[in-house]
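# Coordinate inspection notes
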Amino acid sequence: MFIEGNIIYFSPFYFKNGNKSKNKFFIVLKNVDNNVIIATLPTKVDKVPSFLHKLHGCINDDERCFNCYLFEPKRVITDNGFGFELHTFIYGNEVDDYDIAILQSVYGIEGVDFDIIGKLLKEEYENLIACLLNSKSVKRGLKKILEKK
């Protein structure tokens, strides 16, 4: 389930900060010894400054400490032909770590608690990781983990 590049859909997802749960996509960026994963929660919320071009891929503005990766609607991004229906954003400052044991205890049944949507295409995954590594908004400790092969 927690394979690097996997897109998982949780219904619902329970946020670490206590925000109200809701159905949510989840992308596994790095699996650390099957104990912790580095992941991101894609969103349809557009926070891209209007002066930046919104093209598929990395959008970065170091001067404003802004970083995001944009998935264009319906563009195939997984090995099974999946693409998000809407513009979908991953923001560097929202990359976080999650304890696998906790996730497995909360989301135990595939097809009920979660669905594995597909695995990011190799090039898409590599571009996403490179974008996050070049970001000033990703936490330094998480960047060090993302850098490891």
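Placed above this text is the structure.
Summarised in this report is the structure supplied together with it. (Residues numbered from 1 in each chain as written. Predicted model: local features only at pLDDT ≥ 70, side-chain atom pairs only at ≥ 80, totals over all residues. Heavy atoms only, no water.)

### Points about the pattern of salt bridges
The tally for this structure, following the rule as stated, stands at 10 salt bridges. Where K74 meets E85, a salt bridge forms, and the shortest distance between an N and an O atom there is 3.2 Å. In this pair, K74 sits in the loop between β5 (66–71) and β6 (88–91) while E85 sits in the loop between β5 and β6, placing the two residues 11 residues apart along the sequence. The same class applies to K74 and to E85, which are both exposed. One connected set of salt bridges, linked through shared partners, spans K16, D96, D97 and K139. (Salt bridge = Lys/Arg side-chain N within 4 Å of Asp/Glu carboxyl O. Helix = DSSP H or I, 4+ residues; strand = E, 2+ residues; numbered from the N terminus. Buried < 20%, exposed > 50% of the residue type's maximum accessible area, 1.4 Å probe, protein only.)

### Let's talk about the layout of surface pockets
Roughly 630 Å³ of internal volume is contained in the largest pocket. For the largest pocket, the lining is made up of 24 residues, of which K22, K24, L41, P42 and T43 are closest to its centre. Mapped onto the lining of the largest pocket, the elements with two or more residues apiece are β1 (6–13), β2 (22–32) and β7 (96–99). Considering every element that reaches the lining of the largest pocket, the biggest residue donor is β2, with 4 residues. (1 Å grid on protein atoms, 1.4 Å probe; cavity = no way out; pocket = protein on both sides within 12 Å on 5 of 7 lines; lining within 4 Å. Points joined across faces, edges and corners; volume = space filled by probe spheres on them.)

### A word on the sheet that holds β6
Strand order across the open sheet formed by 3 strands is β4-β5-β6, with antiparallel pairing between neighbours. Of all the strands in the sheet, the pair left with one neighbour each is β4 (57–61) and β6. For this sheet, the mean inter-axis angle between neighbouring strands, taken without regard to orientation, is 25 degrees. By the bridge criterion, 4 bridges tie β5 to β6 in an arrangement that is antiparallel. Looking at β6, one finds that F71 is bridged to T88. Of the strands in this sheet, β4, β5 and β6 touch helix α2 (residues 122–133), which is tilted by about 165 degrees from β5. (Pairing = 2+ DSSP bridges. Axes fitted to C-alpha atoms, helices over the stretch in contact; angles between N-to-C directions. Contact = heavy atoms within 4.5 Å.)

### Focus: the pairing of β1
Bridging between β1 and strand β8 (residues 114–119) involves 5 bridges; their strand directions are antiparallel. The residue of β8 that forms the bridge with Y9 is D115. In this sheet, β2 lies alongside β1 in antiparallel orientation, the contact comprising 5 bridges. Across the sheet, I7 pairs through a bridge with I27, a residue of β2.

### Things to note about the state of the cysteines
Scanning all chains against the criterion turns up 1 disulfide. Bridging C58 to C131, the disulfide has an S-S length of 2.2 Å. Disulfide C58-C131: the torsion about the S-S bond is 75 degrees, which places it as right-handed. On the criterion of sequence distance, the pair formed by C58 in strand β4 and C131 in helix α2 is long-range, its members being 73 residues apart. (Disulfide = S-S within 2.5 Å.)

### Observations regarding the environment of V76
You can see V76 is positioned in the loop between β5 and β6. The partly exposed category is assigned to V76, whose relative accessible area is 42%. Taking the C-alpha atoms as reference points, V76 and E124, separated by 48 residues in sequence, lie 9.7 Å from one another. With sequence-adjacent residues up to four places away left out, V76 is seen in contact with G81, F82 and L121.

### Some points on the sheet that holds β2
Strand order in the open sheet formed by 5 strands is β7-β3-β2-β1-β8, and the pairing between neighbours is antiparallel. In this open sheet, the two strands that pair with only one neighbour each are β7 and β8. Here the strands of the sheet are splayed against their neighbours by 40 degrees on average, with no regard to which way each runs.

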